[in-house]
Amino acid sequence: MPAADIALTAADLRIDPPQFPATVLAALAKAEYGIEGELRPLDGERDQNHRLTAYSGRRYVLKVSGASEEKDVVDFQIQALLHLQQHAPELPLPRMISTVYGQYATTIKADDGTEHTVRMLSWLDGIPFSEGTRPGTQALQNIAQFQARLCLGLRGFFHPSANHWMPWDISKALVLNPGLHAHAGEDALAVVQPFLERIRSDVLPALKQLRHQVIHNDGHDGNILRASEQADEVCGLIDFGDMCFAPLLQDLAVSMASFARECARPIDSILAGVAAFHSTLPLEDREFDILHDLICMRLVTALLLYDFRIKATRDPADYLARERPTILRTTTQFLALDPREMADAYRNACGIPTSPASAAPQANSALMQRRARVMGPSYRLFYETPVHIIRGRGVWLFDNEGRRYLDCYNNVASVGHTHPHVVAAITKQVATLNTHTRYLHQGVVDYAERLTATMPGDLSVCLFVCSGTEANDLALRIARTVSGQNGAIVMESAYHGNSNAVMALTTADYPAAERPDWLLAVEPPNLYRGPYRSDDSQAGEKYAALLDPAIEELQRRKEGLAALVVDTIFDSNGALIAPPDYFQRAYARVRAAGGLCIADEVQSGFGRLGDNLWGFMDYDVVPDIVTIGKPMGAGHPVAAVVTTPAIAQAFADKFSYFNTFGGNPVSAAAASAVLDVIENEQILKNVHDVGDYLQAGLAQLQAKFPIIGDVRGKGLFFGLELVADPQTQQPLEAEALAMRDLMLEQGVLTGSTGRYENVLKIRPPMVFSRDNADQLLQALDRAFTKLQARRS
């Protein structure tokens with residue numbers, strides 16, 4: 001292992017891969033892996049690599065390590081990939097292929113008797129970011145977030161050879177080696193010499209204080225893949241040959257330095273990339289201070305190693321001389337920047353202000369006054385001390401004081417705040433065209449087909465609107481037109497929106513005495529505090545039977561029944577799970593009276609409940625109309641009404657429909673991107689698995705704190721009903737509001753709901769992980785402990 005003060009030789013870099021004939025490797029592939037096919041050579045710095053296309057059509061990568069590559073180091077790389085396959089299966093990474101004998105590595109001997117380790121991996125489709133359009137800010141955000149997810153996947157993994165020496169491990173400070181300097185160009189030495197002294201005196205001591213773990217250490221534009229020449233999303237990562245045990249921050253620095261050479265605006269792109277990494281894997285304060293130095297170390301390492309290979313090795317690759325000017329220019333640019341100013345810039349990019357925090361409360365107070373003056377008193381703010389949120393990423397929100405909050409409330413950002421794929425889709429479309437549905441647009445039609453394809457039965461016609469309110473308003477209008485009747489039935493304490501018609505359906509927000517004659521409300525199927533409880537086997541029929549007198553009363557009033565409108569998760573009632581037969585029995589009664597069944601899926605749709613994409617499917621029913629809102633665009637205002645062709649035609653026979661912004665191309669692009677994420681990132685499975693884990697943890701808290709009378713919900717939507725006594729079930733509204741603020745102190749955002757506002761609502765983005773669930777459960781434990789102390 002060359003130290004900083006020992007001369008470096010070409011052999012130390014181990015950059016001479018073996019040269020086995022393709023015929024020999026083909027025979028090995030057949031004998032050891034049982035695979036026959038065609039071999040095509042691939043580039044490799046230390047390994048001899050071939051793409052093996054089997055006659056079956058499947059493709060693989062066959063890797064033969066150099067003779068100097070220790071078997072234990074190769075095993076380290078193999079075990080890391082196996083670890084990631086188990087602990088981060090969603091990441092698009094190569095998979096290890098075992099031999100016919102069940103081993104993940106075999107050997108081959110060269111003519112000189114040296115033994116080389118051989119392994120086979122699956123082939124990843126895609127092209128490297130080095131091909132196609134130059135990566136921009138969006139690409140850097142996606143890449144950095146991917147690297148953060150990879151680091152999370154490698155957490156807890158170690159191997160006896162993880163701390164091996166290799167030249168690209170910048171924490172080993174090869175840049176200080178005189179053997180490297182002896183072959184460096186004069187222009188390079190003139191630029192890097194002052195920084196080398198800083199590395200020795202300041203940077204290396206600081207690195208020892210940072211978090212360390214196994215990292216990939218080679219996230220450059222030749223190893224990170226995308227699907228096409230214009231794509232910004234990451235579709236794969238290859239080459240685990242530079243893996244090492246090093247500062248976690250080093251993985252981010254390597255990628256940012258590597259892509260800085262290719263970006264048109266490298267500083268802006270890197271700031272965006274750092275923010276994206278931080279949103280997924282938050283950086284520690286000391287890491288901001290050293291990040292710029294690590295980026296510079298990677299650039300300097302690349303520059304000096306390029307010079308060394310150009311001058312001190314046989315037949316240097318052509319790309320070395322071709323890329324060197326760009327590396328020198330970028331290194332010069334970054335070394336000219338003040339590390340302290342860059343540390344502040346990185347913090348600011350991540351929403352962590354560097355100005356004194358004491359100024360923030362005054363600024364917030366002034367902003368509240370301005371808001372009240374220009375926006376009026378109807379708007380409400382959460383929390384006793386309102387929060388000034390300035391940025392979001394994934395499951396995290398950040399305020400103007402640099403504090404981050406685990407978002408356990410907002411289902412609008414269904415697939416996480418500012419999901420890179422959704423942002424990219426919106427950005428691309430808004431830069432191309434945005435108009436309305438009186439012109440043809442393929443993207444809008446494509447999305448309507450995708451959306452309706454997820455629905456059961458004959459629900460195959462989509463009408464676009466901008467919000468859940470508009471969706472419910474239009475659904476009620478359709479129901480009245482098609483049924484020829486006017487009346488509607490909703491639940492007591494329901495919420496369905498805020499337009500004039502839909503506000504009437506929102507029985508939670510105004511006195512019962514003010515309800516119009518065409519509206520009646522019935523008790524929701526609350527098995528905890530309703531008239532029929534969980535121990536009643538006939539509860540489903542009894543709750544459904546409450547519709548009978550309501551239907552009769554609407555007929556007596558000459559209103560008839562146009563629609564039953566139900567939020568499938570009964571959000572405003574505190575997240576209820578109805579008896580299994582409730583909706584079937586209720587729908588039968590409504591249809592017998594000539595009415596239509598409207599499923600309000602604004603809260604429960606898109607997989608929120610974990611078993612199906614739509615909440616009503618949990619009950620084995622097919623509504624006549626489905627309304628969709630908040631989660632549809634993950635933050636973009638888009639919503640829809642889905643119904644049957646017969647109902648759509650009956651409505652069209654009387655009315656045409658047009659909505660200026662409903663169904664515009666940008667909205668369709670956003671909504672389609674959300675479906676992409678749900679499908680590609682296995683969101684439904686995540687909601688189910690994390691939801692089960694979280695529910696078990698909430699049950700343990702209920703056993704510990706008697707104030708939690710009931711835990712209900714499913715997937716990633718739960719309500720914790722707070723009561724003074726489990727027997728009397730006296731609701732504790734003030735305590736629920738207090739818990740919201742106590743959770744805010746713990747850095748977690750929650751809400752309150754229910755007829756008595758005594759239900760703590762938990763409804764995080766659907767990318768919520770088990771780690772996030774643990775963070776939530778620990779915060780709830782601390783908050784309930786404080787609340788319990790106050791009440792004792």
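As the structure is a computational prediction, the values presented were derived from the model and not from experiment.

A.B. asks: Just to check I follow, could you spell out the overall build of the protein for this structure?
C.D. replies: The helix and strand inventory of the protein stands at 24 helices and 26 strands. Its C-alpha atoms give the protein a radius of gyration of 30 Å, within 12% of the compact-globule value 28 Å for 792 residues. Within the protein, buried positions represent 56% of all 792 residues. Long-range contacts, defined as pairs at least 24 residues apart, comprise 75% of the intrachain contacts of the protein with a sequence gap of at least 6. Split by element, the accessible area of the protein, about 32800 Å² in all, is 50% carbon and sulfur. The positive charge centre, built from 72 side chains, and the negative charge centre, built from 93, are 3 Å apart in the protein.

A.B. asks: Explanation requested: helix α23 (residues 733-745) in the structure shown.
C.D. replies: Since one α-helical turn is 3.6 residues long, residues separated by three or four positions face the same way. End to end, α23 covers 19 Å across 13 residues, agreeing with the expected 18 Å (1.5 Å per residue, within 8%). E735, A736, A738, M739, R740, D741, L742, M743 and L744 are the residues of α23 that are buried. Along its buried surface, α23 packs onto β14 (404-407), β23 (717-722), β24 (748-749), β25 (751-753), β26 (759-762) and α24 (770-791). Where α23 terminates, the next one or two residues include G747, which has phi positive at roughly 80°.

A.B. asks: Help me out: how do you make sense of unusual backbone geometry in this one?
C.D. replies: For N217, which is not glycine, the phi dihedral falls at a positive 75°. Locating N217 in the fold gives a position in the loop between β8 (212-215) and β9 (224-226). Of note in the backbone geometry, K558 takes a positive phi value of approximately 65° without being a glycine. Its location among the elements puts K558 in the loop between α18 (547-556) and β18 (561-567).

A.B. asks: Would you mind going over a nonpolar patch on the surface with me for this structure?
C.D. replies: On the surface, V374, M375 and Y379 cluster together into a nonpolar patch covering about 330 Å² of accessible area. Summarising the element assignment, M375 is placed in helix α12 (residues 359-375).

A.B. asks: What's the story with the sheet that holds strand β7 (residues 127-128) in this structure? I'm lost.
C.D. replies: The strands making up a sheet associate through backbone hydrogen bonding, with each pair oriented either parallel or antiparallel. The 3 strands lie next to each other as β7-β9-β10, forming an open sheet whose pairing is antiparallel. Sheet topology places β7 and β10 (236-237) at the edges, where each strand pairs with a single neighbour.

A.B. asks: Would you mind going over the pattern of salt bridges with me for this structure?
C.D. replies: Where charged atoms from two side chains of opposite charge approach closely, those side chains can pair. Scanning all chains against the criterion turns up 41 salt bridges. Across the salt bridge formed by E36 and K30, the nearest N and O atoms sit 3.8 Å from each other. Note on E36: relative accessible area 41%, which makes it partly exposed. The partner of R791 in a salt bridge is E735, and the shortest N-O contact between them spans 3.4 Å.

A.B. asks: When you look at the sheet that holds strand β17 (residues 519-522) in this model, what are you seeing that I'm missing?
C.D. replies: Reading across the sheet, the 7 strands line up as β15-β21-β20-β19-β18-β16-β17 and stay open at both edges, with mixed pairing between neighbours. Two strands lie at the open edges of the sheet, namely β15 (461-465) and β17, each paired on one side alone. Across the sheet, the axes of successive neighbouring strands diverge by a mean angle of 20°, strand direction being ignored. Sheet analysis places strand β16 (residues 487-491) next to β17, joined by 4 bridges and oriented parallel. Counted as the bridge partner of M491 is V522 from β17. Helix α14 (residues 442-453) contacts β15, β20 (625-628) and β21 (639-643) of the sheet and is inclined by roughly 120° relative to β15. Set on the sheet, helix α20 (residues 645-652) makes contact with β15, β19 (596-600) and β21; between it and β21 the angle comes to about 105°.

A.B. asks: Help me understand the confidence of the model for the protein, please; the structure alone is not making it clear to me.
C.D. replies: Where the model shows low pLDDT, its predicted coordinates should not be examined in detail. Looking at the protein as a whole, its pLDDT mean stands at 92, while 97% of the residues score no less than 70. Every residue in residues 1-6 is under pLDDT 50, and counting partners more than four places away or in other chains gives 13 contacts.

A.B. asks: Teacher, can you tell me more about the packing of aromatic side chains here?
C.D. replies: Aromatic ring pairs are defined here through the distance separating the ring centres and the angle between the ring planes. For the structure shown, the criterion picks out 15 aromatic pairs. Ring centres of Y582 and F583 lie 5.2 Å apart, and the angle between their planes is 75°; on these two criteria the pair is classed as edge-to-face. Look at Y582 and you get buried, because its relative accessible area is 1%. Centroid distance F651 to F655: 5.8 Å. Interplanar angle 40°. Geometry classified as tilted.

A.B. asks: What am I meant to see in the side chain of D676 here?
C.D. replies: Structurally, D676 is set in helix α21 (residues 665-680). A distance of 2.8 Å separates polar atoms of two side chains, one belonging to D676 and the other to R450.

A.B. asks: Quick question: what am I supposed to make of the environment of V395 here?
C.D. replies: As for its position among the elements, V395 is in the loop between β12 (389-393) and β13 (396-399). Along the primary structure V395 and N410 are separated by 15 residues, whereas in three dimensions their C-alpha atoms are 9.3 Å apart. Beyond its immediate chain neighbours, meaning those up to four positions away, V395 contacts Y405, L406, D407, P765, V767, F768 and N772.

A.B. asks: What should I look at first to understand helix α7 (residues 248-260) in this one?
C.D. replies: End to end, α7 covers 19 Å across 13 residues, agreeing with the expected 18 Å (1.5 Å per residue, within 8%). Within α7, 13 of the 13 residues are buried, which leaves it mostly tucked inside the rest of the structure.

A.B. asks: Quick question: what am I supposed to make of the environment of D618 here?
C.D. replies: Position of D618 among the secondary structure elements: in the loop between β19 and β20. By relative accessible area, which is 25% here, D618 ends up partly exposed. Spatially, the C-alpha atom of D618 lies 9.9 Å from that of F583, the residues being 35 residues apart in sequence. Not counting residues within four places of it along the chain, the set of residues in contact with D618 comprises L609, D611, N612 and K714.

A.B. asks: Looking at this model, I keep getting lost on the pairing of strand β5 (residues 106-109). Mind explaining?
C.D. replies: For a regular strand, the rule is simple: side chains alternate between the two faces of the sheet. Of the two faces of β5, the one holding T106 and I108 is buried and the one holding T107 and K109 is not buried anywhere. In the sheet, β5 pairs with strand β6 (residues 115-122) via 4 bridges, with the strands oriented antiparallel. Within the sheet, the bridge partner assigned to I108 lies in β6 and is H116. Connecting the antiparallel pair β5 and β6 is a turn made up of 5 residues, with G113 showing a positive phi of about 90°.

A.B. asks: Where do I start with the state of the cysteines in this structure?
C.D. replies: Think of a disulfide as a covalent bridge from one cysteine sulfur atom to another cysteine sulfur atom. Inspection of every chain in the model, using the stated rule, returns 0 disulfides. The structure places no disulfide on C350, whose sulfur is separated from the nearest cysteine sulfur, that of C151, by 15 Å. Accessibility expressed as a relative area gives 0% for C350, which makes it buried.

A.B. asks: When you look at the packing of α18 against helix α19 (residues 582-592) in this model, what are you seeing that I'm missing?
C.D. replies: The relative placement of two packed helices comes down to the angle between their axes together with the axis-to-axis distance. One can describe the packing of α18 onto α19 by two numbers: an axis separation of 10 Å at closest approach and a directional angle of 20°. Taken together, the axes of α18 and α19 are roughly parallel relative to one another. Where α18 crosses over α19, the handedness of that crossing is right-handed. Where α18 approaches α19, its residues L547, D548 and I551 are matched on the opposing element by A586, R589 and V590. A per-class count over the contact of α18 with α19 returns 4 nonpolar, no polar and 2 charged.

A.B. asks: Please explain the environment of E757 as it appears in this structure.
C.D. replies: Looking at the secondary structure, you find E757 in the loop between β25 and β26. E757 sits in the partly exposed class, given a relative accessible area of 31%. Considering only alpha carbons, one finds E757 and A734, 23 residues apart in sequence, at a separation of 8.4 Å. When sequence neighbours within four positions are dropped, the list of residues in contact with E757 reads E733, A736 and S752. In terms of polar contacts, E757 uses its side chain to reach the side chain of S752, at 3.2 Å.

Thresholds, definitions, all that
Residues numbered from 1 in each chain as written. Predicted model: local features only at pLDDT ≥ 70, side-chain atom pairs only at ≥ 80, totals over all residues. Heavy atoms only, no water. Helix = DSSP H or I, 4+ residues; strand = E, 2+ residues; numbered from the N terminus. Rg over C-alpha atoms; globule rule 2.2 N^0.38 Å. Buried < 20%, exposed > 50% of the residue type's maximum accessible area, 1.4 Å probe, protein only. Contact = heavy atoms within 4.5 Å. Areas by Shrake-Rupley, 256 points an atom, 1.4 Å probe, with all protein chains shown as cover. Lys, Arg positive; Asp, Glu negative; His and termini not counted. Charge placed at Lys NZ, Arg CZ, Asp CG, Glu CD. Expected span 1.5 Å × (residues − 1). Patch = residues over 30% accessible without salt bridge, like charges linked within 9 Å, V, L, I, M, F, W, Y side chains within 5 Å. Salt bridge = Lys/Arg side-chain N within 4 Å of Asp/Glu carboxyl O. Pairing = 2+ DSSP bridges. Axes fitted to C-alpha atoms, helices over the stretch in contact; angles between N-to-C directions. pLDDT = per-residue confidence, 0-100. Phe/Tyr/Trp six-rings, centres within 6.5 Å; stacked < 30°, edge-to-face > 60°. Polar contact = N/O pair within 3.5 Å; in protein donor to acceptor, adjacent residues only side chain to side chain. Disulfide = S-S within 2.5 Å. Parallel < 35°, antiparallel > 145°, perpendicular 65-115°, else oblique. Left-handed = near helix turned anticlockwise from the far one by under 90°. Nonpolar A, V, L, I, M, F, W, Y, C, P; charged D, E, K, R; others polar.

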